[in-house]
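Residue-level structural notes
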Amino acid sequence: MSPAPRIVIVGGVAGGASAAARARRLSESAGIVLFERGPDVSFANCGLPYHIAGTIAERKRLLVQTPESLSARFDLDVRVDTEVVAIDVAAKVVIARHTRTGKETREPYDALVLSPGAAPARPPLPGIDDPRVLTLRNLGDMDAILAAIGRGGLGRALVAGAGYIGLELAEALRQRGLQVTLVERLDHVLAIADPEMSFPLQEELVRQGVDLRLGASVAAFEAGDGFSAVLAGGGRIPCDFAVVCVGVRPETGLARAAGLELGPTGGIRVDDQMRTSQPDIYAVGDAAEIREFVSGEPALIPLAGPANRQGRIAAEVILGRDSHYRATQGTAVCKVFDRTFAMTGLGEAALRRQGIPFRKIYVHPADHAGYYPGAEAMTLKLLFAPGDGRILGAQAVGGAGVDKRIDVLAVAQRAGLSVFDLEDLELCYAPPYGSAKDPVNMAGFVAANVLRGDVELWEPEELAGPGTGMLVDVRTFQEFAKGSIPGAVCAPVDELRDRLDELPRDRELLLFCQVGLRGYVAARLLTQHGFRVRNLSGGYRRYTMEAGARTQPLACETPGR
Ligand code: FAD
């Protein structure tokens, strides 16, 4: 590559703008042309739901950079409203067309970076082309949703798809005062989460007045006597407008037409330097197929952090640095009204699909010392390798502090730490911020106890099988009276030493308490007295989350509607 290469970038938002800025910081002499099909560059697409909600009051706050400010700071040739329509790979030229004038230009490149992103999926349903069926990807889409809200007054909105964007949008529309129906094909929200971990989000949605329809899918949109969504299997939901949030598809048309190889996921195949099958063409962001961290398998993981890092790496490689992109863990966080869900690595369902052996534990600690005001409980699920305790994934749901714990675990996972290392982590603590034994340490203790054989665990699904052991609730009689697992007997942990004779020695005892800790204490005690025992990790609280996720009614009508 010459010392003053001509770098052409397609797509001017997360990956593209990062590549451009990094390239300029590394080379004052490079010629950098940035093409963007839309009118805006470097805008905060992650902030769109929050402007719809009104939380980010001013639209202009979403414009992290304008074409002018980007050009001024980084000496870029920014061409907005200009779509790259073809790549002449042999001549190393892109053909760009102005979206309004139709004027075409040819732009030669030494290196080309593709960061075209992913487009919202629009399934081919009858009525999907009705102007009242919207999607959310860019500022224009956001403006259309705001206009639809304005038109209908305090009307009714339907959101199809309860992934991250659908959830954020459902909240935003509720905050605007609309009646919101959220339709999800699966039997739980947030497909990427394990069902019991997304159950608290479902409770929160219903509590906040969202009409949540699980296990339901939109089959058509109908404009007759008013506008409505028709559900598969019957049922009609009248609404003023609908927003389809059923996932995204990588924008690979340009790459495919240029003969670039696509991978098995349909994304643009790249190596670990973001290089495509064509020398001098790089692909980054949502359109690029990367490796998933745990399995090493090809994957599409559309997140802003990875897109930014990949853009940076592509620029570095183009300008002669030996940079490498390692893999994507899928570390993500989502706010659903007053609840937060976050995760890193693979969930239980994904591990099963990949055939990766795992163990799992649950803890329900508070985000900070319980005696300091405002402590909020979270549920933290840790998935780890049965042999060496390598961290495979973590999910957490709760209020404050969920993001911090998953971030710590994401770093631990990236660094190749095991659950034994989590026991040793020294994390900051004062009562307003945490506990002397941080939730991450707690998860490490519990997981390490399992791997060291200090305690054996039982799983709720075993109860469906024949000949299970005797269920023993080691909470207090008062707690037991408020609800317990059907068939359990109560033997409070603090009375166990005096009541050993009442427990059978010829049957295995399946212990549980509220969150798992008293059950563990009881398990240690009883084991040392010669009983055969196992404990339920996460206790009765986890049991109710799983039971709730299994029995969640398909339609949760909003009270008073
Ligand atoms: P984009 O940022 O989408 O940029 C691609 C750009 O390329 C587009 O502007 C497009 O117009 C342009 N383009 C495409 N083809 C051409 C062409 N042929 N010629 C010229 N220009 C072209 N991720 C998170 O990690 N956290 C979040 O909280 C989060 N929230 C989100 C909320 C919403 C509503 C949305 C839509 C996304 C969110 N994401 C979030 C995902 C994140 O925004 C994307 O992963 C990231 O923007 C991908 O970067 P990219 O550069 O690949 O694509």
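Computed from a prediction, not measured in an experiment: that's the story for all the values here.

**What about unusual backbone geometry?**
Note: most residues except glycine have negative phi, and most peptide bonds are trans. Positive phi values are uncommon outside glycine, yet Asp81 reaches one of about 55°. Along the chain, Asp81 turns up in the loop between strand S3 (77–79) and strand S4 (82–88). A relative accessible area of 11% places Asp81 in the buried class. A positive phi is found at Phe337, a non-glycine position, where the angle reads about 55°.

**What to know about the sheet that holds strand S6 (residues 104–108)**
Judged by pairing direction, the sheet is antiparallel, and its 3 strands sit side by side in the order S4-S5-S6 without closing on themselves. Both edges of this open sheet fall to S4 and S6, since each of them pairs with a single strand only. This sheet shows a mean twist of 30° between the axes of neighbouring strands, independent of strand direction.

**Observations concerning the site of the ligand**
The ligand sits among 27 residues. The nearest are Gly15, Glu36, Ser115, Asp286 and Ala304. Gly15 places a main-chain nitrogen or oxygen 2.8 Å from an oxygen atom of the ligand. In isolation the ligand has 990 Å² of accessible area, and contact with the protein removes 88% of it. Counting residues per element, the ones that place at least two in the shell around the ligand are helix H1 (14–26), S4 and helix H8 (304–318). For the shell around the ligand, the element with the most residues is S4, which contributes 3 residues. Partitioned by chemical class, the residues of the shell around the ligand number 15 nonpolar, 7 polar and 5 charged. Of the residues that make up the shell around the ligand, three or more belong to each of domain 1 (6–118 + 249–318) and domain 2 (133–246).

**A closer look at the packing of aromatic side chains**
Taken as a whole, this structure holds 3 aromatic pairs when the rule is applied. Residues Tyr540 and Tyr543 carry aromatic rings whose centres are separated by 6.0 Å and whose planes lie at 15° to one another, so their mutual orientation is stacked. One end of the pair is Tyr540 and the other is Tyr543, both in helix H15 (residues 539–551) and 3 residues apart, which spans about a single turn. Comparing Tyr540 with Tyr543 shows no difference in burial state: the two are buried. An aromatic cluster is built from Phe512, Tyr540 and Tyr543, whose rings are joined through pairwise contacts. For the cation-ring pair, Arg505 lies above Phe531, with the distance from its terminal atom to the ring centre recorded as 4.1 Å.

**Details of the sheet that holds strand S21 (residues 298–299)**
As a general point, the strands of a sheet are linked pairwise by backbone hydrogen bonds and lie either parallel or antiparallel. Taken together, the 3 strands give an open sheet; going across it, the order is S18-S20-S21, and neighbouring strands pair in mixed fashion. Edge strands, defined here as strands with exactly one partner in the open sheet, are strand S18 (268–269) and S21. For strand S20 (residues 288–291) and S21, the ladder comprises 2 bridges, and the chain directions are antiparallel. Following the sheet pairing, Arg291 is matched in S21 by Pro298.

**Some details on the pattern of salt bridges**
Side chains that differ in sign of charge can pair as their charged atoms come close. Throughout the structure, instances matching the rule amount to 41 salt bridges. Its salt-bridge partner being Arg24, residue Asp75 comes within 3.9 Å of it at the nearest N-O pair. Within this pair, whereas Asp75 is found in the loop between helix H3 (67–74) and S3, its partner Arg24 is found in helix H1, the two being separated by 51 residues in sequence. Notably, a salt bridge pairs Lys92 with Asp280, separated by 2.8 Å at the nearest N-O pair. You can see Lys92 sitting in the loop between S4 and strand S5 (93–98) and its partner Asp280 sitting in the loop between S18 and strand S19 (281–283), a full 188 residues away along the chain. On the basis of relative accessible area, Lys92 is assigned to the partly exposed category, the value being 27%. Connected through salt bridges with shared partners, the residues Asp194, Glu196, Glu348, Arg352, Lys360, Lys381, Glu459, Arg542 and Glu546 form a single ionic network.

**Quick look at helix H6 (residues 195–207)**
Under the 1.5 Å per step criterion, the end-to-end length of H6 is 18 Å for 13 residues, consistent within 8% with the ideal 18 Å. Those residues of H6 that sit buried are Glu196, Met197, Ser198, Phe199, Pro200, Leu201, Gln202, Glu204 and Leu205. At the exit of H6 stands Gly209, carrying a positive phi of roughly 85°.

**Observations regarding the packing of H1 against H8**
The N-to-C vectors of H1 and H8 enclose an angle of 35°; their axes lie 7 Å apart at closest approach. The handedness of the crossing between H1 and H8 comes out as right-handed. Packed against H1, whose contacting residues are Ala14, Gly15, Ser18, Ala19, Arg22, Ala23, Arg25 and Leu26, the element H8 presents Ala307, Asn308, Gly311, Arg312, Ala315 and Glu316 at the interface. Taken together, the residues of the contact of H1 with H8 break down into 6 nonpolar, 4 polar and 4 charged.

**With respect to the nonpolar core**
By size, the foremost hydrophobic cluster in this structure holds 49 residues, and its most contacted members are Ile87, Leu112, Leu114 and Met274. In terms of residue count, the dominant contributor to this core is H8 (5 residues). Once you skip the residues sitting within four places of it in the chain, Leu112 turns out to touch Val8, Val10, Ile87, Val94, Asp280, Ile281 and Tyr282. Judged by nonpolar contacts, the second largest core, of 44 residues, contains Ala162, Leu169, Leu178 and Leu182.

**A short note on the packing of H6 against H15**
Interhelical geometry of H6 versus H15 gives an angle of 80° and a closest axis separation of 8 Å. In this view, H6 runs roughly perpendicular relative to H15, as classed from their interaxial angle. When H6 is examined against H15, the residues Pro195, Glu196, Met197, Phe199 and Pro200 are found in contact with a partner set consisting of Thr544, Met545, Glu546, Gly548 and Ala549. For the contact of H6 with H15, the residue count by class is 6 nonpolar, 2 polar and 2 charged.

**What about a nonpolar patch on the surface?**
Nonpolar side chains collect at one region of the surface, where Tyr371, Tyr372 and Tyr429 lie side by side and expose about 360 Å² of accessible area between them. Along the chain, Tyr372 turns up in the loop between strand S24 (359–363) and strand S25 (378–384). For Tyr372, a relative accessible area of 36% corresponds to the partly exposed category.

Parameters and conventions
Residues numbered from 1 in each chain as written. Predicted model: local features only at pLDDT ≥ 70, side-chain atom pairs only at ≥ 80, totals over all residues. Heavy atoms only, no water. Helix = DSSP H or I, 4+ residues; strand = E, 2+ residues; numbered from the N terminus. Buried < 20%, exposed > 50% of the residue type's maximum accessible area, 1.4 Å probe, protein only. Pairing = 2+ DSSP bridges. Axes fitted to C-alpha atoms, helices over the stretch in contact; angles between N-to-C directions. Near = heavy atom within 4 Å. Polar contact = N/O pair within 3.5 Å; in protein donor to acceptor, adjacent residues only side chain to side chain. Areas by Shrake-Rupley, 256 points an atom, 1.4 Å probe, with all protein chains shown as cover. Nonpolar A, V, L, I, M, F, W, Y, C, P; charged D, E, K, R; others polar. Domains from an automatic or database assignment. Phe/Tyr/Trp six-rings, centres within 6.5 Å; stacked < 30°, edge-to-face > 60°. Lys NZ or Arg CZ within 6 Å of the ring centre and 35° of its normal. Salt bridge = Lys/Arg side-chain N within 4 Å of Asp/Glu carboxyl O. Expected span 1.5 Å × (residues − 1). Left-handed = near helix turned anticlockwise from the far one by under 90°. Contact = heavy atoms within 4.5 Å. Core = buried A, V, L, I, M, F, W, Y, C linked by side-chain atoms within 4.5 Å. Parallel < 35°, antiparallel > 145°, perpendicular 65-115°, else oblique. Patch = residues over 30% accessible without salt bridge, like charges linked within 9 Å, V, L, I, M, F, W, Y side chains within 5 Å.

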